[in-house]
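Fold and geometry: a report
The residues making up each chain are set out below.
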Amino acid sequence: FFSMVVIHETARVKGHVSKVFNYVADFENSEKWDPGVDTAKKVSAEPGIGLGTEYDVVALFKGNKTPMRFRTTEYDNPHKVVLEGDGDGTCTTDTILFTPDPKDPEFTLVDWTADIQLKGWRCLLLWLVKGALAEVGKDAMAGMVKACEELESTVQVDVSDT
């Protein structure tokens, strides 16, 4: 009897690998690109992001909101970030790999795997929600691609004095 589902998505994302990594690895941005995230807020006191950074995330699934605490457990800029999330009914490990596109370095290949484990009585529902969770993964990756394209098209103006 299994209480885990694995979601795996890949995409070619517009943007240099370091820019895409920095945007996605800052999980506070997930509310901007993942429709399965209602809110995401960095709660660690340390400046910047990296190993040990924690986020309070409110996940959305089928209209239900689930508060979760995510922690960055691996941080290899700009190649890999792993975030582990824990909430009342679920825990998840998100592993995201970033590789420069060998055909065009202005694009990044993103490989995202989410291991989602339902806890307690919720594991009995896994067979009911497995397909819906896979759709959430597809929607999240599509949102990431779109957000990175918008980020890449944003014109940045340097207003510093020279």
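Residues numbered from 1 in each chain as written. Predicted model: local features only at pLDDT ≥ 70, side-chain atom pairs only at ≥ 80, totals over all residues. Heavy atoms only, no water.

Focus on the overall build of the protein chain
Along the backbone of the protein chain there are 3 helices and 7 strands. Ordered by position in the sequence, the α and β elements of the protein chain form the string β-α-α-β-β-β-β-β-β-α. Buried residues in the protein chain amount to 41% of all 162 residues. Long-range contacts, defined here as pairs at least 24 residues apart, represent 51% of the contacts in the protein chain between residues at least 6 apart. Carbon and sulfur atoms provide 55% of the accessible area of the protein chain, an area that totals close to 9,200 Å². (Helix = DSSP H or I, 4+ residues; strand = E, 2+ residues; numbered from the N terminus. Buried < 20%, exposed > 50% of the residue type's maximum accessible area, 1.4 Å probe, protein only. Contact = heavy atoms within 4.5 Å. Areas by Shrake-Rupley, 256 points an atom, 1.4 Å probe, with all protein chains shown as cover.)

So, the nonpolar core
In this structure, Val24, Phe98 and Val110 are the most contacted members of the largest nonpolar core, which totals 34 residues. The element best represented in this core is helix α3 (residues 126-153), accounting for 7 residues. Non-local contacts of Phe98, meaning those with residues more than four positions away in its chain, are made with Val17, Val20, Phe21, Val24, Pro78, His79, Lys80, Val81, Thr108, Leu109 and Val110. (Core = buried A, V, L, I, M, F, W, Y, C linked by side-chain atoms within 4.5 Å.)

Considerations on the packing of aromatic side chains
All told, the structure shown has 4 aromatic pairs when counted by the stated rule. With 6.1 Å between their ring centres and 65° between their planes, Phe27 and Tyr55 make a pair best called edge-to-face. With Phe27 in the loop between α1 (17-25) and α2 (30-33) and Tyr55 in strand β3 (residues 54-61), this pair connects stretches of sequence that are 28 residues apart. Since its relative accessible area comes to 6%, Phe27 is described here as buried. Members of the aromatic cluster, connected to one another through ring pairs, are Phe21, Tyr75 and Phe98. Directly above the ring of Phe107 sits Arg12, whose terminal nitrogen or CZ lies 3.8 Å from the centroid. (Phe/Tyr/Trp six-rings, centres within 6.5 Å; stacked < 30°, edge-to-face > 60°. Lys NZ or Arg CZ within 6 Å of the ring centre and 35° of its normal.)

Here's the deal with the sheet that holds strand β1 (residues 4-14)
An order of β1-β7-β6-β5-β4-β3-β2 is seen for the 7 strands of this open sheet, with the pairing classed as antiparallel. Two strands in the sheet have a free side with no partner beyond their single neighbour: β1 and β2 (37-42). Strand-to-strand twist across the sheet, computed as the mean angle between neighbouring axes with direction ignored, equals 20°. Two strands pair when backbone bridges link them, and β2 and β3 are joined in this way by 5 bridges, in the antiparallel orientation. Directly across from Ala40, in β3, lies its bridge partner Val57. Together, β1, β3, β4 (64-76), β5 (80-87), β6 (90-100) and β7 (107-118) form the strand contacts of α1, whose direction differs from that of β6 by roughly 170°. (Pairing = 2+ DSSP bridges. Axes fitted to C-alpha atoms, helices over the stretch in contact; angles between N-to-C directions.)

Overview of the confidence of the model for the protein chain
Residues with a pLDDT of 70 or more make up 86% of the protein chain, whose mean pLDDT is 87. The secondary-structure element of the protein chain with the lowest mean pLDDT is α3, recorded at 80, while β5 shows the highest, at 97. Considering only residues more than four positions removed or in separate chains, one finds that residues 155-162, a stretch of pLDDT under 50, has 0 contacts. (pLDDT = per-residue confidence, 0-100.)

So, the environment of Pro35
Tracing the backbone shows Pro35 in the loop between α2 and β2. For the pair formed by Pro35 and Asp139, sequence separation is 104 residues and the distance between their alpha carbons is 6.8 Å. If we skip the residues at most four places from it in the chain, Pro35 touches Leu60, Asp139 and Ala140.

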